[in-house]
Amino acid sequence: MQASEIVRSIRDELRNNIDKKTLATSQNFFKEKIRNYGVKVPVTNKIAKKHFSSYDGLTKNEIFEVCEILWQSGCLEESFVACNWSYVVRDKYETDDFYVFEKWIEKYVNNWASCDTFCNHTVGTLLEMYPDKVKELIKWTYSPNRWMRRSAAVSLIIPARNGKFLNEVFEIASILLTDKDDLVQKGYGWLLKSASMAFQKEIFDYVVSNKAHMPRTALRYAIEKMPEEMRKTAMQKP
């Protein structure tokens, strides 16, 4: 079956599962304008899994072709299906898939939910498999595209929580330290918070030494999981 036919069947099922309340309230969670069907996230995930099972036997490249079409729509639920499908084939990732994922972020990601879902799982897993690609990830911090900059941070959320890439966490946070975009600030603050679960003292010391320049939004995110005394110290004005 051609990719366009597979996408058509996914879209038909999404349309058949529109929830009026979800459609009416989804925009409330985003500052940027989103396009969506109004399908609940758990239902969208079930649709993604159901259709993936229906097309068992597709190659990774064929799956990526479907994902590309879904991403191109700019629709929230279709991006979630693309995230799901690209993550399911993680055992087949190759090092050059990094550039496929980079292109999808740069061209198609248009909201924080699609960004975080894709980067936390798909991109983060590839980076754990191919650590040498983290140096390429760091280049995203210089992009004029806010989603590329946020992606640079949130792609390391799970690896950092697992005690990996501390030096790169600091490098990304330092480049983004005074970024004016609040979604980028929240992204690298979240990264520091995740890294603090494995490297509490190191992250605390980094936050305290940089708090004079760190936006309060990022600082609050970074220290959220720390003990109360540490949080009080970090929040004191320099």
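Each value, and the rule that gives it
Residues numbered from 1 in each chain as written. Predicted model: local features only at pLDDT ≥ 70, side-chain atom pairs only at ≥ 80, totals over all residues. Heavy atoms only, no water. Helix = DSSP H or I, 4+ residues; strand = E, 2+ residues; numbered from the N terminus. Buried < 20%, exposed > 50% of the residue type's maximum accessible area, 1.4 Å probe, protein only. Polar contact = N/O pair within 3.5 Å; in protein donor to acceptor, adjacent residues only side chain to side chain. Contact = heavy atoms within 4.5 Å. Expected span 1.5 Å × (residues − 1). Arc of directions from axis to C-beta. Phe/Tyr/Trp six-rings, centres within 6.5 Å; stacked < 30°, edge-to-face > 60°. Lys NZ or Arg CZ within 6 Å of the ring centre and 35° of its normal. Axes fitted to C-alpha atoms, helices over the stretch in contact; angles between N-to-C directions. Nonpolar A, V, L, I, M, F, W, Y, C, P; charged D, E, K, R; others polar.

Give a description of the side chain of arginine 149 that names residues and reports values.
By the secondary structure assignment, arginine 149 is in helix 9 (residues 146-154). By relative accessible area, arginine 149 is classed as buried at 12%. Of note is the side chain of arginine 149, whose polar atom sits 3.1 Å from the backbone oxygen of serine 143. Sequence-distant contacts of arginine 149, defined by excluding residues within four places in its chain, comprise Trp140, Thr141, Ser143, Pro144, Leu176, Asp179, Asp181 and Val184.

Please give an account of helix 3 (residues 41-54) that cites residues and values.
The first and last C-alpha atoms of helix 3 sit 20 Å apart over 14 residues, in line with the 20 Å expected at 1.5 Å per residue. Thr44, Ile47, Ala48, His51 and Phe52 are the residues of helix 3 that are buried. The buried side chains of helix 3 occupy one side of the element, clustering within an arc of 130° when seen end-on. Of the exposed residues in helix 3, the ones pointing more than 90 degrees away from its buried face are Pro42, Lys46, Lys49 and Ser53. Against the buried residues of helix 3 lie helix 1 (3-15), helix 4 (60-72) and helix 5 (76-88).

I'd like a description of the packing of aromatic side chains, backed by residues and values.
Tallied over the full model, the rule gives 13 aromatic pairs. Here the aromatic rings of phenylalanine 64 and phenylalanine 101 are separated by 5.6 Å at their centres, their planes lie at 65°, and the arrangement is edge-to-face. On the criterion of sequence distance, the pair formed by phenylalanine 64 in helix 4 and phenylalanine 101 in helix 6 (residues 97-108) is long-range, its members being 37 residues apart. For the pair phenylalanine 64 and phenylalanine 101, one class covers both residues: buried. Ring centres of phenylalanine 101 and tryptophan 104 lie 5.6 Å apart, and the angle between their planes is 45°; on these two criteria the pair is classed as tilted. In this pair, phenylalanine 101 and tryptophan 104 both sit in helix 6, 3 residues apart, roughly one turn of the helix. For tryptophan 104, a relative accessible area of 0% translates into the label buried. An aromatic cluster is built from Phe64, Trp71, Tyr93, Phe101, Trp104 and Phe118, whose rings are joined through pairwise contacts. Positioned above the aromatic ring of tyrosine 87 is the side chain of arginine 90, whose terminal nitrogen or guanidinium carbon lies 4.1 Å from the ring centre.

Tell me about the packing of helix 12 (residues 182-196) against helix 13 (residues 200-210), residues and numbers included.
Interaxial distance between helix 12 and helix 13 falls to 7 Å at its minimum, and their mutual angle equals 145°. Between helix 12, through Leu192, Ala195 and Ser196, and helix 13, the contact on the second element is made entirely by Gln200, Ile203 and Tyr206. The class makeup of the residues in the contact of helix 12 with helix 13 is 4 nonpolar, 2 polar and no charged.

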